[in-house]
Amino acid sequence: QFLSLCAPLTQEHPEVLPFLSSRHLRAHPDFRGSAEFRNILGRLLRRVRGRRRKVYVYINELCTVLKARALRRRLPLRAPRPPAGPQHPPCPQGVPPCPQGATQCPQGASQCPDGAPQCPQGLSQYPQGSPQCPHGPSPCPRRAGGSRRQIRHLEHLLRVYAGEIRRLQERELDLAELDSADSPYLQENRLKRRMMRIFRRLCQLKECSSLTGRVLEQRIRFRGTRYPEVNRSIERFINRPDAFPDYSDILREIRGASARHGLGLGRRQMENMAQEAFREVGNRLQERRHLDLVYNFGSHLTDQYRPGEN
């Protein structure tokens, strides 16, 4: 239906629709039969009918979504060939070549004549523009960042997913959809998880931090006991991702710190210390989660709502 609608609008560029069909065939079969793909197609159909002049923009958006769901082929890796034999620097000009099987030139000719510390110009082992580093046979390391094309592609995907999430949040629901295995809530959750993966990958390509400034990302400093070794052990444990320890976890950390550093703490003393530390840690973690909920809870549908005015 989408192709039949776009066919009369793309007669000037007939290669567009075959390209879109190839993208559709390369997409994952599960995605092509999902309700998420049907929702995207329905939204693009409405946009094409309303704004026919921007048909190429909507086709490009659909191609981007299909490309993100394309099947990936994994090519088998081949082991590198071992070197044919020992390699050594070339002999200077005027010196006879090394005999077969020898690792050095005769009479110490692997070095420059007359005891010169450097070889004459033009006798360097690695000429200018060589793809290898001058200190070893391994290739020079490439820059870890991504290209501008990769970065623009991921940023465009984030915008597409953000628009789809807003559309799912604005959608009217009934009771039958709440029990569905592909309800709008589950679709929204999957899209948000994909956005987080794309965001982390985008941060890697841009070589920047993936921290967003949320309260949950702030490190908790623990100074609840008079033993710095115990404080450091508990602090490392409670700052793990998604960590909400119980009393036995705190007691285990105290016992481990006492054994590692030879603090000589008694059983009763460690239990009392664990009870006090557990209460303090629980209060601080609960306070941090509450602040994060207050700062981040909400929706764009209620941002303009004012209880005293509306």
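Rules behind the numbers
- In every chain, residue numbers begin from 1 and rise along the written sequence.
- With the structure being a predicted model, the display of local features is reserved for residues of pLDDT at least 70 and the display and counting of side-chain atom pairs for 80 or more, all residues being used for whole-chain, interface and lining totals.
- Working from all heavy atoms in the structure, the side-chain values ignore hydrogens and water.
- The numbering of helices and of strands both runs from the N terminus, where a helix is a DSSP run of H or I of at least 4 residues and a strand a run of E of at least 2.
- Buried residues are those whose accessible area, probed at 1.4 Å on protein chains only, stays under 20% of the maximum for their type, while exposed residues exceed 50% and partly exposed ones sit between those limits.
- Residue contacts are defined here by distance: any two heavy atoms, one from each residue, within 4.5 Å place the two residues in contact.
- As used throughout, the charge tally considers Lys and Arg to be positive and Asp and Glu to be negative, leaving His and the chain termini uncounted.
- For this analysis, a salt bridge means a side-chain nitrogen from Lys or Arg found within 4 Å of a carboxyl oxygen belonging to Asp or Glu.
- Residue-level confidence of the predictor is what pLDDT reports, using numbers from 0 through 100.
- Only buried residues count toward a nonpolar core, which is a set of Ala, Val, Leu, Ile, Met, Phe, Trp, Tyr and Cys residues joined through side-chain atoms within 4.5 Å.

**Considerations on the environment of His 24**
Here His 24 is to be found in helix α2 (residues 16-26). For His 24, a relative accessible area of 30% translates into the label partly exposed. His 24 sits 39 residues away from Cys 63 along the chain, and the two C-alpha atoms are 7.9 Å apart. Residues contacting His 24, with those up to four places away along its chain left out, are Arg 32, Phe 37 and Leu 66.

**Side note on the side chain of Glu 253**
In this fold, Glu 253 is placed in helix α10 (residues 247-261). For Glu 253, which is buried and forms no salt bridge, the nearest opposite charge comes from Arg 240, at a distance of 4.6 Å. With near-sequence residues (within four places) excluded, Glu 253 lies in contact with Ser 233, Ile 234 and Phe 237.

**A few points about the pattern of salt bridges**
For side chains of opposite charge, pairing can occur when their charged atoms come near one another. Counted according to the given criterion, the structure contains 13 salt bridges. Close ionic contact of Glu 235 with Arg 223 constitutes a salt bridge, the shortest N to O distance being 3.0 Å. Here Glu 235 is found in helix α9 (residues 228-238), whereas its partner Arg 223 is found in the loop between α8 (184-206) and α9, with 12 residues between them in sequence. Glu 235 sits in the buried class, given a relative accessible area of 7%. Across the salt bridge formed by Glu 271 and Arg 268, the nearest N and O atoms sit 3.5 Å from each other. With Glu 271 and Arg 268 both in helix α11 (residues 267-296) and three residues apart, this pair spans about one turn of that helix. By relative accessible area, Arg 268 is classed as exposed at 55%.

**Things to note about the confidence of the model for the protein**
Detailed reading of predicted coordinates is not advised where the pLDDT is low. Per-residue confidence for the protein gives a mean pLDDT of 75; residues scoring 70 or more make up 73%. Here helix α7 (residues 175-178) stands out as the least confident element of the protein, with mean pLDDT 73; α10 is the most confident, with 93.

**Some details on the nonpolar core**
A general trend in soluble globular proteins is that nonpolar side chains are found buried together. Ranked by internal contacts, the top residues of the largest apolar core, which has 21 residues, are Phe 2, Leu 20, Ile 59, Leu 62 and Leu 66. Listed by contribution, the elements that provide at least two residues to this core are α1 (2-6), α2, α4 (35-50) and α5 (55-68). Per-element accounting of this core gives the leading share, seven residues, to α5. Once residues lying within four places of it in the same chain are set aside, the contact partners of Phe 2 are Leu 20, Leu 41, Leu 44, Leu 45, Val 48, Ile 59 and Leu 62. Residues Ile 220, Phe 237, Met 273 and Leu 285 belong to the second largest nonpolar core, which totals 18 residues.

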